[in-house]
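Fold and geometry: a report
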Amino acid sequence: MLRCLDWSAVVAAKTSNSPCVVVHGQRVVSRSVAAMSYGVQVGMRRRHAQGLCPDLEIATHQPDRDRRAFNTVVRTVNELVPLIEVSEPGVIVFATRGPSRYFGGDEPMADKIVQALHSSIVADSQFGIGIADSRLAAHIAAHISAQSTAKNTAKAKTPFIVKPDQTKVWLAQQSVRVLSEFANISSETVSLLERLGLNTLQDVCKLGESVLAGRFGELGVELHRLARGDEQHPLAAVAPPPEHLCSRTFEEPITDQQTLLNNVQIMAEEFSDYFVKHGAICVRLILKFESETGAHSERLWYRPQGLTARAIAESAKWQIESWSHKSALVRVQLIADEVRTDTARQLKLWGGVTQIDETATRAIGRLTELLGSTAVQLVKWQGGRDLQDNFQLVSASHFQSRHNELNASVVKPKWRGSLPTPSPSVVYSEPLLVQVVDKDKNLLRVSARHELSAEPAQIIISRQNYKIISWAGPWPIEEKWWDTARSRRLVRLQVVIEKFLSDDSRQVQALLVALEHGEWSIAAIYG
Amino acid sequence: MKLLVPKTLVAKHSFFEKQVLENFVVSDQVRRLLPDAGLVRGRIVRCCGDAAASLALSLCARASQQGSWLGVVGVSHLGISCAVEHGVALERMVFVHPPESSRDWSTTVAAVIDGFDLLIVAVPESLSVSDARRVQARLQSRRSVMIIVDTTTLSQPNFLNTTHPFHADVVLDTTTKSWSGINNGAGYLQQRQVAIKVSGRRVARAQEHLVTCNY
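Below is a summary of the structure that appears in this document. (Residues numbered from 1 in each chain as written. Chains lettered and ligands numbered in written order. Predicted model: local features only at pLDDT ≥ 70, side-chain atom pairs only at ≥ 80, totals over all residues. Heavy atoms only, no water.)

Things to note about helix α10 (residues 187–195) of chain A
All names here are of chain A. As a reminder of what qualifies: Whether a residue is buried, partly exposed or exposed follows from its accessible area with a 1.4 Å probe, protein chains only, as a fraction of its type maximum: under 20%, in between, or over 50%, in that order. Think of it this way: any DSSP run of H or I at least four residues long counts as a helix, any run of E at least two long counts as a strand, and we number them from the N terminus. Directions are taken from the helix axis to each C-beta atom, and the arc is the one they span. Between two residues, a contact is recorded if the distance between any of their heavy atoms is within 4.5 Å.
Along α10, the positions that sit buried rather than exposed are T189, V190 and L193. Within α10, the buried residues cover an arc of 100° as seen down the axis, which keeps them to one side. For α10, the exposed residues lying more than 90 degrees away from the buried face are E188 and R195. In the core, the buried residues of α10 are packed alongside α9 (177–182), α12 (209–216) and α13 (218–227).

See below:
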């Protein structure tokens, strides 16, 4: 496995030495090496990161950009290793058995890859190569390798190799935190494991599968599998789909990318429907394109939560874009490499899908194709005290809305400390800075006991004064005070201001203003 | 053995048929504002003024509960909690972030119209009249309803100097007159009085209503 740390920051940074962070939803998702030396961490709020490093370069989160940039790396590695899997930008996974034998062992092979990548963009980023028997172990090994190269940059990149048959023993010493970092296990579960006194994977393994299943259900079985060095999901034995579903030969070679993708889309739908009918889902897939001249592109795709039709189509787009021999294509093949039983989904008894739902699902697919997966989003409840935290927008391509798991119609409990209803209809993701002052034009402050220093009298919005005719609050939020990087402390006030329009008619407007880090801002409008 | 066909299924089916052909149902509170006592398919409703966003949500809520999908195009700041309180079905709500340029915007909106019954859109200022006309034609042939929310935020309202590219069938202009439930340091925002001016192509005589609403 090859892993580049913080790939998107590497791509976003203009020069290799400038501090740069990639921000998504006000939180840092990736940071460059230079930014890290200032103490910027992933998950930090944007303003906090700016406070640590004033000349920080801030880039927006663009998965497409990262993906495109990663294509060069993928191509380089693909010259040495025939079948590789790219699950996310920055990570390449491949089976080492064949290539290592060819190059004469794991270490010579790793050296070969390091040499090949020497001239590309990754050379000045932190990347590491890890070799182990399971996916999780290889992930950890690659991470360790990447970090060790970061510490002594002068030295050549060294791969971290876990000897065959040693994986289980080596994995047992790892702390349970690796599960949330590398295996999509939620951090709440990991923190619960720690509180139960299970600090290493060995402890989890010792407990026994049945005990874990009794306590955690499906998740417990998964945890045990991971801890003992198996793959995350047990394999399901489903007869491979019939030939006409997984391979398509075109009489007339296709040169247009869009036409090809439409064809793949149709194939992918039939392909995934086949598995759904058998109660299974494909998690790993080999996608193969063959051109007129006989050249072919072959790549593995993996998604632990299962490849939906939309995900397959997206993968196809990525693969086609990265392929340099773009001539007329004559053949597309989908080969299911790994299939597991589908446990998470249950269709409604009466189907529950109407004509309207089907047209809408198709439209979502079309829009995703048109705009990219990040521009089409569904709503997911996650709970929180703040308005932005309460619901999360998730990319529509991760869900098959035909059986929409988001299931938001269930009444969700209201969190303590959240605002009273009605909620504001306009919520700003980027708060607008204002000043809230008392009648002597002093900026309003809030004491440690959440008491206001005076009554708010006026609000100044972009140099315009508005009179506050009524107010209520404050509603404080103090979250995660035990964690310096993620703690938040703010208070919110409802204020009603008076406005005069150009024709002298009077209008009132209700706003939600918030005070955080000593700055007042408009968080939302009751519009 | 006699085959039993459940009566409810038959009734449900005919009910569904009727729903498709007729207008979208709206809640009692907003019904009297609209000229045809409902949202007529293929039409454009434009909400402006300071209560535009919540008015748009209350127009969509009932139809969304009955199985229609709602596409929110370009109104990324729409409060989701607020939508829930209005009764919009979240599992049938999709947020779309369209590109800014006039041609791409209209292509995107046309794709949304193809799939969804209801749209809440914010119109970019760059939209040309010809592209707007294409979108409107698509809307009429697909029988969806588009609700335009004018993003009159605290800064200047949109389209103040230029004419709006869309010819709305119904224009609802809102002005909040007062809020109640809040009292210098006590209580919280509960109810408000909104003056809504109804005008547009399909409205014979412009009217003004004073509505008390708890959102």
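Still to come is the rest of the account.
Some words on the pairing of strand β11 (residues 296–302) of chain A
Residue and element names in this part refer to chain A. Spelled out, the test is: Here, any two strands with at least 2 DSSP bridges between them count as paired.
Within β11, 5 of the 7 residues are buried, leaving the element largely enclosed by the surrounding structure. Where strand β5 (residues 84–88) and β11 come together, 2 bridges link them in parallel fashion. Across the sheet, I84 pairs through a bridge with R299, a residue of β11. In terms of strand pairing, strand β10 (residues 280–291) meets β11 through 7 bridges, oriented antiparallel. Residue pairing for β11: I286 is matched across the bridge by L300. The antiparallel hairpin formed by β10 and β11 contains 4 residues in its connecting segment, where G294 sits at a positive phi of about 100°.

Some points on the packing of aromatic side chains
All names here are of chain A. The following threshold applies: The criterion for an aromatic pair is that two Phe, Tyr or Trp rings (for Trp, the six-membered ring) have centres within 6.5 Å, with stacked assigned to planes under 30 degrees apart, edge-to-face to planes over 60 apart and tilted to the rest. The criterion is that NZ of a Lys, or CZ of an Arg, lies within 6 Å of the ring centre and within 35 degrees of the ring normal, and then a charge sits over that ring.
Applying the stated criterion to the full structure yields 8 aromatic pairs over all chains. Taking 5.6 Å as the distance between ring centres and 40° as the angle between the ring planes, the aromatic pair formed by F160 and W170 counts as tilted. Of the two residues, F160 is situated in strand β8 (residues 160–161) and W170 in helix α8 (residues 167–172); the sequence distance between them amounts to 10 residues. Look at F160 and you get partly exposed, because its relative accessible area is 26%. Among the residues examined, W170 registers a relative accessible area of 13% and is labelled buried. Of the aromatic side chains, those joined through ring pairs into one cluster are F271, Y274 and F275. R215 extends its terminal NZ or CZ atom over the ring of F216, reaching a point 5.1 Å from the ring centre.

Looking at unusual backbone geometry
For the peptide bond that leads from T421(A) to P422(A), omega is 0°, which places it in the cis range. Positionally, P422(A) belongs in the loop between β14 (391–395) and β15 (426–437). For R143(B), which is not a glycine, the phi torsion comes out positive at approximately 60°. Taking the relative accessible area as the measure of exposure, R143(B) reaches 43% and is therefore partly exposed.

Quick word on the side chain of S425(A)
When you line up the elements, S425(A) lands in the loop between β14 and β15. Excluding anything up to four places from it in sequence, S425(A) contacts I525(A), Y526(A), G527(A), A53(B), S54(B), H77(B), L78(B), G79(B) and C82(B).

Description of the sheet that holds strand β3 (residues 27–31) of chain A
Residue and element names in this part refer to chain A. Worth spelling out the cut-off: Note on geometry: axes are lines fitted to C-alpha atoms, helical ones only across the stretch in contact, with angles between N-to-C directions running from 0 to 180 degrees.
Judged by pairing direction, the sheet is mixed, and its 3 strands sit side by side in the order β3-β2-β4 without closing on themselves. Of all the strands in the sheet, the pair left with one neighbour each is β3 and β4 (57–60). Across the sheet, the mean angle from the axis of one strand to that of its neighbour is 40°, orientation sign disregarded.

Points about the interface of chain B and chain A
For clarity, the threshold we go by: Buried surface area refers to the total accessible area, computed with a probe of radius 1.4 Å, that the two partners give up upon joining, counted for both partners together. Salt bridges, as used here, are contacts in which a Lys or Arg side-chain nitrogen is within 4 Å of a carboxyl oxygen on Asp or Glu. Here a polar contact means two N or O atoms within 3.5 Å. Within protein one must be a hydrogen donor candidate and the other an acceptor candidate, and residues neighboring in sequence count only if both atoms are side-chain atoms. Put simply, Ala, Val, Leu, Ile, Met, Phe, Trp, Tyr, Cys and Pro go in the nonpolar bin, Asp, Glu, Lys and Arg in the charged bin, and everything else, Gly too, in the polar bin.
If you look at the interface, chain B gives 51 residues, while chain A gives 54 residues. In total, chain B and chain A occlude about 4,400 Å² of area from one another, counting both sides; carbon and sulfur atoms represent 65% of this. The tally of links between chain B and chain A comes to 0 salt bridges. One can count 13 residue pairs in polar contact (both at pLDDT 80 or more) joining chain B with chain A. Elements represented by at least two residues in the side of chain B that touches chain A include exactly α3 (52–65), α4 (80–86), β3 (93–96), α5 (102–115), β6 (170–183) and β7 (186–199) of chain B. Here the residues of the side of chain B that touches chain A are counted per class, giving 25 nonpolar, 19 polar and 7 charged. Where strand β13 (residues 376–381) of chain A and β3(B) come together, 3 bridges link them in antiparallel fashion. By the bridge assignment for β3(B), Q377(A) is matched with F95(B).

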